[in-house]
Amino acid sequence: MTTPAADPAPRTSNIDVRRGEPLVVVSNVQKHYGDFQALTDIDLTVNRGEVVVVVGPSGSGKSTLCRTINRLETITSGSITIDGAELPKEGKALADLRADVGMVFQSFNLFSHLTILENVTLGPIKVKGMKKADAEKLAGELLDRVGVGHQASKLPAQLSGGQQQRVAIARALAMKPKVMLFDEPTSALDPEMINEVLDVMVGLAQEGMTMIVVTHEMGFARKAADRVVFMADGQIVEQAAPGEFFTNPKSDRAKDFLSKLITH
């Protein structure tokens, strides 16, 4: 008699749900703006296929950390490696690395004079040397995937904010990145548009995309994260699986933060 296979553990119950080898390694990172220390002693490893959600009060260093991972912000000291390679300081090596690191911002940063299709094909053609026909085929597939394929010929201004942010996600995916960074991707959206973007992100998480997400959307953290990292005052205070973090935070700072959230 064969023993039936055990059901796989739910995503939220165990940090090790989809753990692979380290992909992003942040080691002893410090970041100063003049006399102000924005990041202090940051150590963080994100494994291939893992979804890490970074939460914390405003001004805690979340976005600064996110932006250091593709060197939009330079670090004062420490090291950051992606897939075993340390972040280059400048030049073609940095451009190549940024092609491996997709980033979606609060603002959509789409080129207003280009169509949606042209916005998504620009990177693959210019940076990766992809043929136009191949880039357009890939872009069409990605735009369909995020639910805006029928808008491909329009300009960004003709789309809603939620649709523009989904295009921004498709544009980042078109570079076939190893990791996706999301810096408050829904904070500029009207409330009714937030879920349409979060649904795309949940889908990416379920497909195994490595993701680092800075967000105030605790529902997304509960649903999609393998691990929640809580920051305050430029430091990582604690990190745990979502089920543990939201029900049993260890630090007083996290307890205070969670007590002030509006529960829906």
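Residues numbered from 1 in each chain as written. Predicted model: local features only at pLDDT ≥ 70, side-chain atom pairs only at ≥ 80, totals over all residues. Heavy atoms only, no water.

Colleague: Explain the overall build of the protein to me, please; I cannot follow it from the model alone.
Modeller: Broken down by element type, the protein carries nine helices and 10 strands. For the protein, the spread of C-alpha atoms along the principal axes amounts to about 60 × 50 × 45 Å. Out of the 264 residues belonging to the protein, those deemed buried represent 51%. Of the contacts formed within the protein by residues at least 6 apart in sequence, a portion of 68% connects residues at least 24 apart. Carbon and sulfur atoms make up 51% of the accessible area of the protein, which amounts to about 12700 Å² in all. (Helix = DSSP H or I, 4+ residues; strand = E, 2+ residues; numbered from the N terminus. Buried < 20%, exposed > 50% of the residue type's maximum accessible area, 1.4 Å probe, protein only. Contact = heavy atoms within 4.5 Å. Areas by Shrake-Rupley, 256 points an atom, 1.4 Å probe, with all protein chains shown as cover.)

Colleague: Is there a simple way to think about the sheet that holds strand 4 (residues 77–82) in this case?
Modeller: What links the strands of a sheet is backbone hydrogen bonding, and the strands pair in either a parallel or an antiparallel sense. The antiparallel open sheet is built from four strands, whose spatial order is 2-1-4-5. Each edge of the open sheet carries a strand with a single partner, namely strand 2 (36–47) and strand 5 (85–86). Both strand 1 (residues 22–33) and strand 4 contribute to a ladder of five bridges, which runs antiparallel. Along strand 4, the bridge assignment pairs glutamine 30 with serine 77. (Pairing = 2+ DSSP bridges.)

Colleague: I keep staring at the sheet that holds strand 7 (residues 179–183) and nothing clicks. Help me out?
Modeller: In space, the six strands of this open sheet follow the order 6-7-8-3-9-10, with mixed pairing throughout. Either end of the sheet is taken by a strand with one partner, and the two such strands are strand 6 (101–104) and strand 10 (235–240). When the angles between neighbouring strand axes are averaged without regard to direction, this sheet yields 20 degrees. Where strand 9 (residues 227–232) lies against strand 10, five bridges are found, and the strand directions are antiparallel. Pairing of valine 229 across the sheet is with glutamine 239, part of strand 10. Where helix 2 (residues 91–100) meets the sheet, its contacts fall on strand 6 and strand 7, and the angle it forms with strand 6 comes to roughly 70 degrees. The sheet contacts of helix 5 (residues 161–173) involve strand 6 and strand 7, and relative to strand 6 the element is tilted by about 170 degrees. (Axes fitted to C-alpha atoms, helices over the stretch in contact; angles between N-to-C directions.)

Colleague: Explain helix 5 to me, please; I cannot follow it from the model alone.
Modeller: Since there are 3.6 residues in each turn of an α-helix, residues three or four apart along the chain are aligned in direction. Between the first and last C-alpha of helix 5 there are 18 Å, a value that for 13 residues agrees with the 18 Å anticipated at 1.5 Å per step. Of all 13 residues in helix 5, 13 are buried, a share of seventy percent or more. (Expected span 1.5 Å × (residues − 1).)

Colleague: Mind showing me how you'd approach the packing of helix 3 (residues 116–126) against helix 5 here?
Modeller: Packed helix pairs are characterised by how far apart their axes lie and by the angle those axes make with each other. Interhelical geometry of helix 3 versus helix 5 gives an angle of 25 degrees and a closest axis separation of 8 Å. As summarised for this structure, helix 3 and helix 5 are arranged roughly parallel, according to the angle between their axes. Like other packed secondary-structure pairs, helix 3 and helix 5 cross with a definite hand, here right-handed. Here Ile116, Asn119 and Val120 of helix 3 come into contact with helix 5, specifically with Val167, Ala170 and Arg171. Split into classes, the residues belonging to the contact of helix 3 with helix 5 amount to four nonpolar, one polar and one charged. (Parallel < 35°, antiparallel > 145°, perpendicular 65-115°, else oblique. Left-handed = near helix turned anticlockwise from the far one by under 90°. Nonpolar A, V, L, I, M, F, W, Y, C, P; charged D, E, K, R; others polar.)

Colleague: Which parts of the structure should I look at to understand the UniProt feature "domain: ABC transporter" (unreviewed entry) in the protein?
Modeller: The sites that carry the UniProt feature "domain: ABC transporter" (unreviewed entry) are, in the present numbering, residues 24–258. Annotation note: span residues 24–258, helix share 39%, strand share 26%, distance between end C-alpha atoms 27 Å. (UniProt positions renumbered as here; feature names shortened; annotations may be inferred.)

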